[in-house]
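Understanding the architecture of this molecule
One-letter residues, chain by chain:
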Amino acid sequence: MNINGKSILGFLHRNYDFVYRLFSIAKQTNFFIKEETLKDVCREFEVPFDTLKEYRIVREQRNNEYNLPSVYVQFLSHLFNDFFMPLHESVDKYRVSIANYYTQLIQEKEHNKVNDLINSLISEIEEFSEIIDNRTQQLLKETRELKSNLSQIDYLEKVRKASYWIDNYIIPLNDILERENPHSIYQELTRISDFASRQQYEYSRFEIRNQFTTLYLYSKSIIEIALKNQAIIQKELLPLAERIKSESQILTGAIAYLEDIRKVALGLKKAEELPQIAFFESTRLNHTLYSESFGQDAKFLLERLQEDESFVLQPTEDESFDTWFFDLETKNYYKKKLIQDLPIDNFFQWCYTSLQAEFQEMKCKNINTEKFFAVSSLLFLDKEFEKDFQIRLDTVFEPEKVEIRLEDLILEVPKIHIKILTK
Amino acid sequence: MTFETPKNHYEIVNDLLKGKFILWNEVYFDTLMKEQDFYKAFFKESFDYELVVRKEFAYLLSKNTSEEFSKRFTVILSILCYEWNLQGRDIKDRIENGSFSVFEIQTLLENSTYSDIFKLIKLKEEGIEKFLKELDQRNIIKLDNSKETFEFTKAVSLFFEFAKEIAESKLASTKQ
């Protein structure tokens, strides 16, 4: 078989779909592939297995495994715009080597070595710029795929993937490009470009001055590429990955909670084991409130009852006698007022406001429990309303609670809605 | 000894004890923020409750949580998250910035894949409106005047945190 560049390219061209499948399968296992799998793919696409070996597209390893040589990995990654992402250290090593070359360059006096160091620096910077460009695009592509979830992975797996990418790829990549980070490639390239900028005029030899000009222009353009990639990471990639992570976490939690509720209903989980949001218990503290004079009054009455002689309760000298009684006249006044004010949205509040209006006129403001309960008793006079006004009232209790602050008691009562049912 | 209290003391204490979230845009939120040391000590010493003051809201935490309320709220929001995600919406963004029709919510809950779980929280007799009213009273949502649409307040972030905690524990348990 005549093996040359043209025949290899011809093979790749004729079997493009096969090569794409081979690359995709191999990429999942770090470009190592089992012989059996490899033969299956060959059979599927009717590609002779031996040709692959002859063209050295695959290389035999131990344990019936084959691998794709790195030259093919790079070429095919570029061809399919699909890049393998080794861990961040593989990117960081460029930063380290660029820094090392630069340190050597500023100390070097020998012209030939200076020339070689400049060439090495340019080649290293070139590889670095390509790798960050590819990596940013690859991360963006994979993050978008994760967002649209074409491979139908569950939300927990999405959380896991997004967190892993953020922590191991996106943030380290951002750090290496970060302008403010003293150890970033940005800082390194700035130092190189400043040095090259001076040396392109100052260096003693003309041809090396030209080399420095190339290094200066090259490092400048790579700084721009680094900044462009960092902008993509900060404005698009990181927020997108963070959003996928956050959304998937919420969905994982929501679905897990709903499934837990189902388990409790089926008796597969105890209700006490169900996690809960710690909302505050809305029920009131169990207040038991007494009238201010309750204790004294009780004591007084008890003492009198223990005496043999009969006694009469008299108002004390400074006690103004409250002459308000819920007699027939008062009762009729409130009944009429209630009919006039219908529909009433909040009955107990109406009782309080009505009493307040009456007592404001009398320049006396002590609305106590006794008065309030007297007026509230109107609620239970359905038949009287029917007889007196020939109407029927409709009373609706709502679960909402209303607070009424009386002179001697704070009441929490239900909201009651009253309207005319029939006339 | 005179007992001096910050301005709006009655409203602050009363609202918090009712289980209400005091939001950043309420009149007495500033007082609460400024006097948070006093109020934290006040609730701790008086009732053994923990007061949580955040940038955007404040609320009381108690050891005895209203199980039913918490369950209903979490179930409803969980189902809505699930359904909105199926519709391809960004759920967090939608909840934080959207306005919702009570009718739409009701329909979504009743027709959800999780409608059986919605039925389990027994809102049938009183209906979703009553529950939303309670959420409104607690400042977790804001119903508009017509009571037909509502928006979530910042207090909803407690739900997101809760869901994320569950997710984290799931993640941790699958790692083991």
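The structure we're discussing is the one just above.
What this report covers is the structure whose coordinates are included nearby. Because the structure is predicted, anything quoted here is derived from the model rather than measured.

Criteria and cut-off values
Residues numbered from 1 in each chain as written. Chains lettered and ligands numbered in written order. Predicted model: local features only at pLDDT ≥ 70, side-chain atom pairs only at ≥ 80, totals over all residues. Heavy atoms only, no water. Buried < 20%, exposed > 50% of the residue type's maximum accessible area, 1.4 Å probe, protein only. Helix = DSSP H or I, 4+ residues; strand = E, 2+ residues; numbered from the N terminus. Pairing = 2+ DSSP bridges. Core = buried A, V, L, I, M, F, W, Y, C linked by side-chain atoms within 4.5 Å. Contact = heavy atoms within 4.5 Å. Axes fitted to C-alpha atoms, helices over the stretch in contact; angles between N-to-C directions.

**Here's the deal with the pairing of strand β6 (residues 149-152) of chain B**
All names here are of chain B. Only one face of β6 is covered, namely the one carrying F150 and F152; the face carrying T149 and E151 has none of its residues buried. In the sheet, strand β4 (residues 100-101) pairs with β6 via two bridges, with the strands oriented antiparallel. Residue S101 lies in a different strand from β6, and its bridge partner there is T149. Of the strand pairs in this sheet, strand β5 (residues 141-143) and β6 are connected by three bridges, and their pairing is antiparallel. Residue pairing for β6: I141 is matched across the bridge by F152. The turn joining β5 and β6, which pair antiparallel and follow one another in sequence, is formed by five residues; a positive phi near 65 degrees is taken by K147.

**A few points about the nonpolar core**
Membership of the largest hydrophobic core comes to 55 residues, with the highest contact counts inside it found for F21, F73, F150 and F159 of chain B. The leading source of residues in this core is helix α4 (residues 67-86) of chain B, at 10 residues. With near-sequence residues (within four places) excluded, F159 of chain B lies in contact with I250, A254 and I277 of chain A together with F73, T74, L77, S78 and C81 of chain B. Grouped together as the second largest cluster of nonpolar side chains are 44 residues, L121, I166, Y169 and L237 of chain A included.

**Here we look at the sheet that holds strand β3 (residues 65-67) of chain A**
All names here are of chain A. With antiparallel pairing, the three strands of this open sheet are ordered in space as β1-β3-β2. Because the sheet does not close on itself, it has two edges, and the strands there are β1 (32-34) and β2 (59-60). In terms of strand pairing, β1 meets β3 through three bridges, oriented antiparallel. Within β3, the residue paired with F32 across the bridge is N67. Set on the sheet, helix α3 (residues 35-45) makes contact with β1 and β3; between it and β1 the angle comes to about 80 degrees.

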